[in-house]
Amino acid sequence: MTTRTPKRPFRSREWFASPDRSDMTAVYLERFMNYGVTPEELREGKPIIGIAQSGSDLSPCNRIHLELAKRVRDGIRDAGGIPIEFPLHPIFENCRRPTAALDRNLAYLGLVEILNGYPIDAVVLTTGCDKTTPSQIMAATTMDLPAIVLSGGPMLDGWWNNQLVGSGTVIWQSRRKLAAGEINEEQFIQAATASAPSAGHCNTMGTASTMNAVAEALGMSLTGCAAIPAPYRERGQMAYYTGKRIVEMAYEVLRPSQILSREAFLDAVATVDVVGGSTNAQPHITAMARHAGVELTNEDWIEYSAPQPLIVDMAPAGRFLGERFHRAGGVPAAMWEMLQAGKLHADRLTVTGKTMRENLEGRETNDREMIRTFEAPLRENAGFLVMKGNFFEFALMKASVQTPEFEARFKGGIFEGKVAVFDGGDDYHHRINDPSLNIDEKTVLVMRGAGPLGWPGSAEVVNMQPPDALIQRGVTSLPTIGDGRQSGTSDSPSILHMTPESAAGGDLAFLRDGDPIRIDLGAARVDLLLPEGEMARRRAEANAPPVPESQTPWEEIFRAHVGSIEGGAVLENAVKYRNVSAKLPRHNH
């Protein structure tokens, strides 16, 4: 075998072949022997490649990685590396209470400590469910070790009653049908479970598909990786090629800092809107950028997000699901259209070792129903609308899911009405059908106490539906605003991520049922129409709704250090740590 020399010595040599501390080499080597590893494997100079295993029974969206890791190992071995697989903190969006948003930063911390404290030269990041992607990229960025993303892929398309049913999206649609009396509770459950026919994450363009598309748009995964359905043979092949490629990256010392440029993040912002992606991309992209030392401003979102057209016809903004998106060419085909339209910074480096321009050669779609051109999109100006108001500084609205019914209520882009205020999801579900609230077609539903501090973690509860009585009259949506988030699978054009949040002293805390309000989409503003001095008087009374106590040590630690959702809801004391791998930790004995 030809001996290869890395561009810089592998850090694992300091554990297993240090000329200065043979006693410590013995300590580090000894226990690896107990499952059959040989000293030669760890000492002959091959790169040790970590496989960050996010799959488990508690993380069903990522469970496919338990199988894919075998093909990753094959690729690593065939390329001359030594694979070492290790578990990550589980993240399961559907099941984690009070919200999986608490887990992103916790999983980030855990992965940083593993990559820093153990003899790992490069790492394969196994992603899938929403926050598994940003948490791992954030950690790889903090360490600045060679890293590559392997997506687990979406589930196969769901079908119920001979109709496509997309994961997550069918929940919100079925809730409305249940309220309208069109289905019963058993049919609700049948439709929901039918949307999950195989291994994989959401088969809609929810946050999972969005964030894996973001990883590919950033240049952190091999071309075409994001959209391959989990059960397809191409997914196992992609795992093999990813294992081979990370070994080469270890020798090349190709690190996240060489890939995650400002241009890469701006392209990721634009890609989210072109594919009809989740509003949760905003805090996650912002968090990854901050950990990479890249500044993204609200003006960047206004310039690179709002004007983008929607060209991918995938639920919740469109009709189809993940299988057809993959067959149509997936993320590379969508980005090929961006390249033709001059909307990409295409000459930047990616994990392939090539530029994004080179990666996209020959990637035009063969399905013009699924992926449109910029000249004939599904919708113009379909990106995220950055909004301000006289009682908050930042909020976001997803234009691509606005329906004709919704837009019809905005005369000249303006909606005036009154608010109905809810303090958390339980309060909403307990009171939404209370006739004393007098909720009608001119009501704006307000959710507060749902941000990073208030929930804690920021919950997906802003996409509220009208009372049953309104739905039965054909009013299926009302304007909704709040300081929390919503599921990426939701088809609600909510105004969310309001900053400052209620629990941080934002004026959202002082809204009262019946307050008059104006939403002006053209001006990108939401303003309370209160008499002058009224809000100041309410602040002086200091009668903001109570914030629930922390239930666990982590919730308390999280609240002590987390920033706003506008700023990515990062641990503010963590963003200063970069290129941690440049300095080895001290010996342990």
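Above this note sits the structure.
What you are looking at is a predicted structure, and each value in this text was computed from that prediction instead of being measured.

Moving on, we come to the layout of surface pockets. A volume near 470 Å³ is recorded for the second largest pocket. Together, 22 residues line the second largest pocket, and Trp15, Tyr28, Gly117, Tyr118 and Pro119 are the ones closest to its centre. The set of elements that each furnish at least two residues to the lining of the second largest pocket consists of α1 (13-16), α2 (22-30), β2 (82-87) and α5 (101-117). Residue composition of the lining of the second largest pocket, by class: 13 nonpolar, 4 polar and 5 charged.

The subject of this paragraph is the packing of aromatic side chains. What characterises a pair of aromatic rings is the spacing of the ring centres plus the angle enclosed by the ring planes. Across all of its chains, the model carries 10 aromatic pairs by this definition. Ring geometry for tyrosine 240 against tyrosine 241: centres 5.8 Å apart, planes inclined by 65°, an arrangement best described as edge-to-face. Where phenylalanine 422 meets tyrosine 428, the ring centres are 5.4 Å apart and the plane angle is 90°; that geometry is what we call edge-to-face. Take phenylalanine 422 and tyrosine 428: they sit in the same class, and that class is buried. Joined through ring pairs, the aromatic side chains of Phe406, Phe410 and Phe415 make up one cluster. Over the ring of phenylalanine 320 we find arginine 324, and its NZ or CZ is 4.2 Å from the ring centre. It is lysine 442 that lies over the ring of phenylalanine 415; its NZ or CZ is 4.9 Å from the centre.

The subject of this paragraph is the pattern of salt bridges. Considering all chains together, one arrives at 40 salt bridges under this definition. With its nearest N and O atoms 2.7 Å apart, the salt bridge here joins glutamate 572 to arginine 290. Here glutamate 572 is found in the segment after α21 (553-561), whereas its partner arginine 290 is found in helix α12 (residues 281-291), with 282 residues between them in sequence. For glutamate 572, a relative accessible area of 35% puts it in the partly exposed group. In this structure, the salt-bridge partner of glutamate 534 is arginine 538, at a minimum N-O distance of 2.8 Å. Here the residue glutamate 534 and the residue arginine 538 both occupy positions in helix α20 (residues 534-541), the gap between them amounting to 4 residues, near one helical turn. You can call arginine 538 buried: its relative accessible area is 5%. Members of the salt-bridge network, linked through shared partners, are Arg512, Asp515, Glu534, Arg537, Arg538 and Glu541.

Contact pair helix α9 (residues 207-218) / α12: the axes reach a minimum separation of 11 Å and the direction vectors enclose 35°. With respect to the hand of their crossing, α9 and α12 are arranged in right-handed fashion. Packed against α9, whose contacting residues are Thr207, Thr210, Met211, Val214 and Leu218, the element α12 presents Ala281, His284, Ile285 and Met288 at the interface.

Of all residues except glycine, most have a negative phi; of all peptide bonds, most are trans. Backbone torsion omega between tryptophan 455 and proline 456 reads 0°, so that peptide bond is classified as cis. Locating proline 456 in the fold gives a position in the loop between β10 (443-448) and α19 (468-472). Even without a glycine there, the phi angle at asparagine 162 is positive, about 65°. With respect to the secondary-structure elements, asparagine 162 resides in the loop between β5 (158-160) and β6 (163-165). Even without glycine at this site, asparagine 381 takes up a positive phi of about 45°. Note that asparagine 381 resides in the loop between α16 (356-359) and β7 (384-389).

This part is about the pairing of β10. For β10, the buried fraction is high: 6 of the 6 residues fall into the buried class. The side-chain alternation of β10 yields two buried faces, one formed by Thr443, Leu445 and Met447 and the other by Val444, Val446 and Arg448. Where strand β9 (residues 414-423) meets β10, 6 bridges bridge the pair, whose relative direction is parallel. Residue pairing in the sheet places valine 419 in a bridge with valine 444 of β10. Here β10 runs beside strand β11 (residues 480-482); their pairing, made up of 3 bridges, is parallel. Looking at β11, one finds that valine 446 is bridged to isoleucine 481.

Looking now at the side chain of asparagine 463. Structurally, asparagine 463 is set in the loop between β10 and α19. Using a relative accessible area of 11% as the deciding quantity, one classes asparagine 463 as buried. A distance of 3.3 Å separates the side chain of asparagine 463 from the side chain of serine 490, its partner in a polar contact. In contact with asparagine 463, other than residues within four places in its own chain, are Trp172, Gln486, Ser487, Ser490, Ser492 and Ser494.

What counts, and where the lines are drawn
- For every chain, the first residue of its written sequence is number 1, and the numbers climb from 1 along that sequence.
- Local features are withheld for residues below a pLDDT of 70 in this predicted model, meaning they are given only at 70 or higher, and side-chain atom pairs are given and counted only at 80 or more; totals for whole chains, interfaces and linings count all residues.
- As a rule here, side-chain values come from all non-hydrogen atoms in the structure, and water together with hydrogens is ignored.
- As defined here, a cavity is a set of points on a 1 Å grid over the protein atoms alone where a 1.4 Å probe fits but cannot get out. A pocket is an open set with protein on both sides within 12 Å along at least five of seven lines, and residues line them when an atom is within 4 Å of a point.
- Grid points are joined across faces, edges and corners, and a volume is the space filled by probe spheres set on the points.
- In this text, helices come from DSSP runs of H or I with a minimum length of four residues, and strands from runs of E with a minimum of two, each type numbered from the N-terminal end.
- Under the scheme applied, nonpolar residues are Ala, Val, Leu, Ile, Met, Phe, Trp, Tyr, Cys and Pro; charged residues are Asp, Glu, Lys and Arg; polar residues are all the others, including Gly.
- When the centres of two rings from Phe, Tyr and Trp lie within 6.5 Å, Trp using its six-membered ring, the rings pair. Their planes under 30 degrees apart give stacked, over 60 give edge-to-face, and anything left gives tilted.
- Think of it in three bands: with a 1.4 Å probe and only protein chains considered, a residue is buried below 20% of the maximum accessible area for its type, exposed above 50%, and partly exposed in between.
- Consider the ring centre and the ring normal. A charge sits over the ring if Lys NZ or Arg CZ is within 6 Å of that centre and within 35 degrees of that normal.
- A side-chain nitrogen of Lys or Arg and a carboxyl oxygen of Asp or Glu constitute a salt bridge if their distance falls within 4 Å.
- Under this scheme, a helix contributes an axis fitted over its contacting stretch, all axes are lines through C-alpha atoms, and angles between N-to-C directions fall in the 0 to 180 degree range.
- Helix crossings get a hand from a simple test, with the near helix turned counterclockwise from the far one by less than a right angle marking a left-handed crossing and a clockwise turn marking a right-handed one.
- A contact between two residues is defined here by any heavy atoms of the two lying within 4.5 Å.
- Note on pairing: DSSP must find at least two bridges between two strands before they are called paired.
- N or O atoms within 3.5 Å of each other form a polar contact, as long as, within protein, one can give a hydrogen and the other can take it, and as long as residues adjacent in sequence are counted only when both atoms are side-chain atoms.

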